[in-house]
Amino acid sequence: MRIYDIIAKKRDGQELNEQEIEYFVNGYVNGEIEDYQVSALLMAIYFNSMTKNEVSILTKYMANSGDTVNLSSIPGIKVDKHSTGGVGDKTTLIISPIVASCGINVAKMSGRGLGYTGGTIDKLESIPGFRTSLSRDEFIGAVNKIGISIVSQTGNLVPADKKLYALRDVTATVESIPLIASSIMSKKIAAGADKILLDVKTGSGAFIKDFERCRELAETMVNIGGSVGKETTALITNMDRPLGNMVGNFLEVIETVDVLKGGGPEDLKEICLCLASNMLYLSGKGDLSVCEEMAQESLGSGRAFKKFEEMVISQGGNVSWIYSPEDLLKNIKPYNVVSEKSGYIVNMDTEKCGIASMKLGAGREKKDDIIDNLAGIKFHKKTGDYVNKGENIATLYSSNRLKYMDSERSLLEALDIGDTKPEKQKLIKARVTKEECKLF
Ligand code: URA
């Protein structure tokens, strides 16, 4: 077999067979196939796409390209959850303890943030002492003892994705549905859960902004999950404004604690309850309405907060910071961003809001950038709210005060203020299962 012939076949719009896909994935990971040839193949896939069967095969070989996690020593059905990324998306921190407090074991591997989107691991590590690098035995042991552990991905999980993603990033081939779907699903499959819930974000702060493309991505991933015997459901949710009011690592922990104690902003609560009930549903806890009641009860009774507290203690975090999290911010002199005119916030460019937070030190522009755990934005007004000229729209936090001006400029640019109150948008836009795509 020659990689040249595989490139030519895809260039001519033909379907690759299993042996060809296996040859290309393994050859690339082993270093036998060169970057320039794989770049050409990726561009051919970008233009000619892949059939459902090709994407499933590609995902399977990527998933098996390195270590895989075996969760069989943890009893019960394990459900994983993945978000395609957004701004203020702290849902994993909230729904994992909800689900664990309802008796479902949560053994979760999460990622770090890159660019304007945040990552669960950075958020957890903003709790002083919290360890996200556990040995396999510590990880499994923690889940078997308290029902929950969230750790960072092991070094050799899906090396094929690490190499392919880095190459896609520099060859303008990231934006391809089969390549995104195989990248995400290979990591989910290698992480060992039995079932998968996907939160596909759509709107100005999402990785893929257009709803129809999100729907195609969601359907492709649901199909891949089914093809390897892992039932997968996707929710398509709104990222046209930051989720909740806090953006930034420790700020998001503060808001997590608020929600887990029964408070917090309505948009965040609504999405968390929907995600948690879908996870419980996939775990076989009953129909969706029963599962939603269960999730609500877990929040209302304080059981979800208790589970979060247990996880923080189990992973070495300084638990006093979750009892009075606002105290940590006392070390910082915040900066208020005020509105330059009166009117309704008609639109928030959520990607730009994320960039404003990154500029404060809350995110990484490059992979090795160091994060300022306390940096970020607290929004006092969001889309649909009325602001008066001179009124405080948001408060900025950074350990480096020199960063405030640049961030403020980006934030003000992100907001459209007009005379007409915009229509309220739905937060949950669709639910995709193997049977149907239900629009809300
Ligand atoms: N997230 C991933 O993990 N992979 C992609 O290709 C895009 C987003």
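Residues numbered from 1 in each chain as written. Predicted model: local features only at pLDDT ≥ 70, side-chain atom pairs only at ≥ 80, totals over all residues. Heavy atoms only, no water.

Student: So what's going on with the pattern of salt bridges? Residues and values would help.
Tutor: All told, the structure shown has 33 salt bridges when counted by the stated rule. We note a salt bridge from E138 to R131, for which the minimum N-O separation is 3.0 Å. Classification of R131 as partly exposed rests on a relative accessible area of 38%. Linked by salt bridges that have partners in common, R112, D122, E125 and R364 make up one network. (Salt bridge = Lys/Arg side-chain N within 4 Å of Asp/Glu carboxyl O. Buried < 20%, exposed > 50% of the residue type's maximum accessible area, 1.4 Å probe, protein only.)

Student: Tell me about unusual backbone geometry, and name the residues and values.
Tutor: Of note, S49 is a non-glycine position whose phi angle comes to about 60°, a positive value. As for its placement among the helices and strands, S49 is situated in the loop between α3 (35-48) and α4 (52-63). In this model, V158 sits at a positive phi of 50°, which is unusual for a non-glycine residue. (Helix = DSSP H or I, 4+ residues; strand = E, 2+ residues; numbered from the N terminus.)

Student: So, the packing of helix α12 (residues 266-282) against helix α13 (residues 288-301): which residues are in play, and what are the values?
Tutor: For the pair α12 and α13, interaxial distance at closest approach is 8 Å and the crossing angle is 120°. When the axes of α12 and α13 are compared, the pair comes out oblique. Handedness of the crossing formed by α12 with α13: right-handed. Within the contact between the two elements, α12 uses L273, A276, S277, N278, L280 and Y281 and α13 uses L288, C291, E292, M294, A295, Q296 and L299. For the contact of α12 with α13, a count of residues per class yields nine nonpolar, three polar and one charged. (Axes fitted to C-alpha atoms, helices over the stretch in contact; angles between N-to-C directions. Parallel < 35°, antiparallel > 145°, perpendicular 65-115°, else oblique. Left-handed = near helix turned anticlockwise from the far one by under 90°. Contact = heavy atoms within 4.5 Å. Nonpolar A, V, L, I, M, F, W, Y, C, P; charged D, E, K, R; others polar.)

Student: Hey, could you go over a negative patch on the surface for me, with residue numbers and the actual values?
Tutor: Residues E270, D287, E292 and E293 make up a contiguous surface patch of negative charge. Turning to its location among the elements, E292 is positioned in helix α13. (Patch = residues over 30% accessible without salt bridge, like charges linked within 9 Å, V, L, I, M, F, W, Y side chains within 5 Å. Areas by Shrake-Rupley, 256 points an atom, 1.4 Å probe, with all protein chains shown as cover. Lys, Arg positive; Asp, Glu negative; His and termini not counted. Charge placed at Lys NZ, Arg CZ, Asp CG, Glu CD.)

Student: Explain the site of the ligand to me, using residue names and the numbers behind them.
Tutor: Taken together, Y165, R168, I180, S183, I184, K187 and F207 make up the full set of residues near the ligand. Contacts to the ligand include R168, whose side-chain N or O atom sits 2.9 Å from an oxygen atom. Within the side chain of K187, an N or O atom sits 2.5 Å from an oxygen atom of the ligand. When the free accessible area of the ligand is taken as 240 Å², the share hidden by the protein chains comes to 86%. Secondary structure elements with two or more residues in the shell around the ligand: α8 (159-170) and α9 (177-190). (Near = heavy atom within 4 Å. Polar contact = N/O pair within 3.5 Å; in protein donor to acceptor, adjacent residues only side chain to side chain.)

Student: How would you explain the packing of helix α11 (residues 249-260) against helix α14 (residues 303-314) if you had to name every residue and give the values?
Tutor: Between α11 and α14, the least distance of the axes is 8 Å, while the angle of their chain directions is 140°. With respect to α14, the axis of α11 lies oblique. Taken together, the residues of α14 that come into contact with α11 (itself represented by T256, V257 and L260) are A304, F305 and F308. Here the contact of α11 with α14 is built from residues that sort into five nonpolar, one polar and no charged.

Student: I'd like a description of the sheet that holds strand β10 (residues 386-387), backed by residues and values.
Tutor: The strand order across the open sheet formed by three strands is β10-β8-β12, and the pairing between neighbours is antiparallel. Edge positions in the open sheet fall to β10 and β12 (415-418), since each of these has one partner strand only. Bridge analysis of strand β8 (residues 343-348) against β12 gives four bridges, and the strand direction is antiparallel. Bridge pairing in β12 places I345 opposite I417. The sheet contacts of helix α17 (residues 404-414) involve β8 and β12, and relative to β12 the element is tilted by about 50°. (Pairing = 2+ DSSP bridges.)

Student: Can you tell me about the sheet that holds strand β6 (residues 246-247), naming the residues and giving the values?
Tutor: Taking strand neighbours across the sheet as the criterion, the four strands line up as β6-β9-β11-β7 in an open arrangement whose pairing is antiparallel. Of all the strands in the sheet, just β6 and β7 (335-338) have a single pairing partner and so form its edges. With two bridges connecting them, β6 and strand β9 (residues 376-379) associate as antiparallel partners. Among the inter-strand pairings, V247 is bridged to a residue of β9, identified as I377. Those strands touched by helix α16 (residues 350-362) are β6, β9 and β11 (392-397), and its axis lies near 130° from that of β9.

By themselves, these are just geometric observations and shouldn't be taken as functional.
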